[in-house]
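# Structural characterization, general
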Amino acid sequence: MKPAGWMRKTALLTIILTLFLSACSEQAPNAAFTNEAEDEAADDIIELKGLTMGSEPAGGMETFYKQLDALTERDLGLRIRFDFVPWGDEKNQISRAIAAKEYDLYVGGAWSDYITFAAKNAFADLSPYLHAVPELVEHYEGVLDEILINGKLYGIPQYFKPGGGSEGMLYREDLRKQWGLPEIVNLATAEQYIYKAKEVYPDAPMINDKRFADNLWTLIAGSKYHTLVKGYAVAAVDEPYMAVSMYDTPEYRQVLEYANKWFKDGVVDPNILAAQGNSTSETLELMKRDKKPIEFNNHFGAVSIGYISVLKETHPDFEYGWFDYYLHNVPSYMPYHSLDRTSVISVGAHSKHVEKALRLIAKAHTDQTYYNLLQYGVEGEHYKIDSENRIYYEGIPAENRKPGWTGLNDDTMNMRAKHPGEWQEIHDRLQAEGKRLAQSGGESPYRGFVFDNAAVTEELANLEKVRSRYIQPLAVGIADDIDTEWNNARAQLRGAGMDTFLHELQQQLDAFAESRSGGG
């Protein structure tokens, strides 16, 4: 009689053989058998979905994901796939994506109403997970504490160093010289150029982006006021902790006057109200076809990366200039991180892999190989490196230039850039001058201040509706009687809760000012 153990082994082998043969019978002809260990390993690799801004490159993405997967599978046990959202209607598209809860990783900032979504707990609080990424905490040197909302960390911000280049105007410098116009150094000289450009290029609106009033405000009032809550509240430079409505200032009345004049004179697109929130891609196409010589609304970094190399390749004989609205027009301080002035990467509150997602963000900010891949793409397909280890884009088709992961930009990780022609000198001068001004300005009076809008979320929602209906048309110049419509818009804002909002903001400013003075 066989031992009982032997019988159990025989039965077990019979079961295994039966299952094996059954599996074989279900395989397609000539199909290879799968390795169970490999299946288990594959099952351990999670896949994250991320959202980022810009247009997906036409080429190179297969190589991009192959290289990225090799890193993330080895180090983190994950893969990530990005969906690209073209600039234009980004606020609405991001809002819909957040509501659908379809992504693990989101991007945002003041431009996407990030604070409102964070206050509604759309994103995971990353604070409890920071123990898993000590290298990220060390890298940020206390900066993460500057963007807390109610003591919670809802996103990892971009990281800035002192330097120049902010919002400004890109223009054809060769035409300025040809037209005999003065150097562009202020609003008056910028306006001269715009009107001459309209005369020479009559078929194209010089301004087609409805955010242009923001830049008018900077040029008219930037040296007189600090922005407290973008689009709503400011404080005089000599009274930094006294909040007032931007729309009640005499300078905003000047903004409306300029906007109205430009609209009536045909400088502004007559259909501007129907334009998307961001019209930069439209302007780039017009400039590539020499149908327009200026871009009135853009950021120096975006122009340096997305415009100049494309334009210089298309029109190598054209010379470009840059008028920076902030440099010498707005008080400069050492960089600080505030949610109304930076972009962030957040993890969805619904994500099942919050810690894994945070570890990926940490790698992106602390490992140069990760950073280069996520910020620039694949060398040779999305960018090139010269003999001095500088990044450049000459010879890379425009449609293949990969936008960086929105919110990732890290000045401590960026490669030095090689720019074509005159842009290198413009870039280097702005960086040097911006650094000098920041160091001389010292620390901002608002470093460490975060406005908690939890008590006034309803008021802010109502104010936004009023702003869209009454302020936006005025801000793009559509008004028959500026004063009557301005006064009505302000009355509507008060009725929507402007006084309640300002009172709440003032209380928080008072507490912050007291804590800075040592009274807290």
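Before reading further, recall that the structure is shown in the block above.
So, here's what we can say about the structure. Treat the numbers as computed from the prediction; the structure is a model and nothing was measured.

What counts as what
- Residue indices follow the written sequence of each chain, beginning from 1 at its first position.
- With pLDDT at 70 or above as the cut-off, local features in this predicted model cover only qualifying residues; side-chain atom pairs require 80 or more to be listed or tallied, and sums for whole chains, interfaces and linings still use all residues.
- As a rule here, side-chain values cover all heavy atoms of the structure and leave hydrogens and water aside.
- Counting from the N terminus, the helices are DSSP H or I runs at least four residues long and the strands are E runs at least two residues long.
- Partly exposed residues are those whose accessible area sits between 20% and 50% of the maximum for their type, while under 20% is buried and over 50% is exposed, using a 1.4 Å probe and protein chains only.
- Between two residues, a contact is recorded if the distance between any of their heavy atoms is within 4.5 Å.
- Accessible surface is estimated by sampling points in the Shrake-Rupley manner with a 1.4 Å probe; for residues, cover comes only from the protein chains shown.
- Here a helix's expected span is defined as the number of its residues, less one, multiplied by 1.5 Å.
- Each salt bridge in this description consists of a side-chain nitrogen of Lys or Arg and a carboxyl oxygen of Asp or Glu lying within 4 Å of one another.
- Aromatic contacts are taken between Phe, Tyr and Trp rings whose centres are within 6.5 Å, Trp giving its six-membered ring; a plane angle under 30 degrees counts as stacked, one over 60 as edge-to-face, and the others as tilted.
- At least two bridges found by DSSP between two strands are what make those strands a pair.
- Fitting a line to C-alpha atoms yields each axis, with helices limited to the stretch in contact; the angle taken between N-to-C directions then spans 0 to 180 degrees.
- What sets the label is the angle itself: under 35 degrees gives roughly parallel, over 145 gives roughly antiparallel, 65 to 115 gives roughly perpendicular, and the rest give oblique.
- All amino acids are sorted into three groups, where Ala, Val, Leu, Ile, Met, Phe, Trp, Tyr, Cys and Pro are nonpolar, Asp, Glu, Lys and Arg are charged, and the leftover types, Gly among them, are polar.
- Here a crossing is taken to be left-handed if its near helix is turned anticlockwise relative to the far helix by less than a right angle, and right-handed if that turn runs clockwise.
- Under this rule, positive means Lys or Arg and negative means Asp or Glu; His and the chain ends count for nothing.
- Between N or O atoms, a polar contact is any pair within 3.5 Å; within protein, one atom must be a potential hydrogen donor and the other a potential acceptor, and residues adjacent in sequence are included only when both atoms are from side chains.
- With the strands pointing away from the viewer, any crossover whose connection runs clockwise from the first strand over the helix to the second is right-handed.

### Considering the overall build of the protein
Of the regular secondary structure elements, the protein holds 19 helices and 13 strands. With the C-alpha coordinates of the protein rotated into their principal frame, the extents come out at 110 × 60 × 45 Å. Out of the 520 residues in the protein, the part that is buried amounts to 49%. Long-range pairs, those at least 24 residues apart, make up 78% of the contacts in the protein between residues at least 6 apart in sequence. Carbon and sulfur atoms form 50% of the exposed surface of the protein, whose accessible area is close to 24,700 Å².

### Focus on helix α19 (residues 498–516)
Across its 19 residues, α19 extends 27 Å between first and last C-alpha, which sits within 8% of the 27 Å expected from 1.5 Å per residue. Within α19, burial applies to Met498, Phe501, Leu502, Glu504, Leu505, Gln506, Gln508, Leu509 and Phe512. Tucked inside the fold, the buried residues of α19 contact β6 (225–229), β7 (233–236), β8 (244–245), α17 (457–475) and α18 (482–495). Within two residues after α19, Gly518 carries a phi angle of roughly 95 degrees, on the positive side.

### Some remarks on the pattern of salt bridges
The final tally for this structure, using the stated rule, is 27 salt bridges. One salt bridge connects Arg79 with Glu73, and the closest N-O pair in it is separated by 3.1 Å. What makes Glu73 partly exposed here is its relative accessible area of 32%. Between Lys177 and Glu319 there is a salt bridge, with its nearest N and O atoms 3.2 Å apart. Residue Lys177 is located in helix α7 (residues 173–179), and its partner Glu319 is located in the loop between α13 (308–314) and β10 (320–324); the two are separated by 142 residues in the primary sequence. Judged by relative accessible area, Lys177 falls into the partly exposed class, the value being 49%. Three or more residues are tied together by salt bridges with common partners; here these are Glu47, Glu73 and Arg79.

### Thoughts on helix α14 (residues 354–366)
Its 13 residues give α14 an end-to-end C-alpha distance of 18 Å, which sits within 8% of 18 Å, the value for a rise of 1.5 Å per residue. Turning to α14, its buried residues number three or more, namely Val354, Ala357, Leu358, Leu360, Ile361, Ala362, Ala364 and His365.

### Details of the packing of aromatic side chains
According to the stated counting rule, one finds 27 aromatic pairs in the structure shown. Between Trp179 and Tyr193, the aromatic rings sit 5.3 Å apart at their centres with planes inclined by 50 degrees, giving tilted as the arrangement. Of the two residues, Trp179 is situated in helix α7 and Tyr193 in helix α8 (residues 187–200); the sequence distance between them amounts to 14 residues. The pair Trp179 / Tyr193 is uniform in exposure class, with both members buried.

### Digging into the pairing of strand β9 (residues 294–299)
Within β9, five of the six residues are buried, leaving the element largely enclosed by the surrounding structure. The sheet contact formed by strand β5 (residues 167–172) and β9 spans four bridges and is antiparallel. The partner of Tyr171 across the bridge, within β9, is Ile294.

### Focus on the packing of α17 against α18
For the pair α17 and α18, interaxial distance at closest approach is 9 Å and the crossing angle is 175 degrees. Of the possible angle classes, the one that applies to α17 and α18 is roughly antiparallel. Of α18, the residues touching α17 (which contributes Leu463, Val466, Arg467, Tyr470, Ile471 and Leu474) are Ile482, Glu485, Trp486, Asn488, Ala489, Gln492 and Leu493. Of the residues that constitute the contact of α17 with α18, the class distribution is nine nonpolar, two polar and two charged.

### What about the packing of helix α3 (residues 61–76) against α14?
Here α3 crosses α14 at 120 degrees, and the two axes come no closer than 11 Å. The angle between the axes of α3 and α14 places the two elements in the oblique class. With respect to the hand of their crossing, α3 and α14 are arranged in right-handed fashion. Seen from α3, the contacting residues are Thr72, Asp75 and Leu76; seen from α14, they are Lys356, Arg359, Leu360 and Lys363. A class-by-class count of the residues in the contact of α3 with α14 yields two nonpolar, one polar and four charged.

### Thoughts on the side chain of Asp410
As for its placement among the helices and strands, Asp410 is situated in the loop between β13 (391–392) and α16 (423–441). Lys161 provides the closest opposite charge to the buried, unpaired Asp410, separated from it by 7.9 Å. Within the local environment of Asp410, its side chain forms a polar contact with the side chain of Thr412, the two groups lying 2.5 Å apart. For Asp410, the contacting residues outside a window of four places in its chain are His139, Tyr159, His365 and Tyr371.

### A short note on the sheet that holds β8
An order of β6-β7-β8 is seen for the three strands of this open sheet, with the pairing classed as antiparallel. Where the open sheet ends on each side, the last strands, each with one partner, are β6 and β8. Strand direction decides the pairing type here: β7 and β8, joined by two bridges, are antiparallel. Bridging from a neighbouring strand, Ala233 pairs with Ser245 of β8. Packed on one face of the sheet, α19 meets β6, β7 and β8 and runs near 105 degrees to β6.

### Things to note about the pairing of strand β1 (residues 46–53)
Burial analysis of β1 places six of its eight residues in the buried class, which makes it a mostly covered element. Pairing geometry for β1 and strand β2 (residues 78–85), over eight bridges, is parallel. Across the sheet, the residue bridging to Leu51 is Asp83, located in β2. In the classification by handedness, the crossover that spans β1, the intervening α3 and the parallel β2 is right-handed.

### Concerning unusual backbone geometry
For Asp113, which is not glycine, the phi torsion reads 65 degrees and is therefore positive. Tracing the backbone shows Asp113 in the loop between β3 (105–108) and α5 (114–119). With phi around 60 degrees, Asn389 is a residue other than glycine that occupies positive phi space. Looking at the element boundaries, Asn389 is found in the loop between β12 (384–385) and β13.

### What about the sheet that holds β5?
Adjacent strands of a sheet pair through backbone hydrogen bonds, lying either parallel or antiparallel. Strand order in the open sheet formed by three strands is β9-β5-β10, with antiparallel pairing between adjacent strands. Only two strands of the sheet have a single neighbouring strand rather than two, namely β9 and β10. Recorded for the sheet is a direction-independent mean angle of 25 degrees between the axes of neighbouring strands. As judged from the five bridges shared by β5 and β10, these two strands associate in the antiparallel manner. Bridge pairing in β10 links Met169 to Phe323. The strands that α8 touches are β5, β9 and β10; relative to β5, the one it contacts most, it runs at about 45 degrees.

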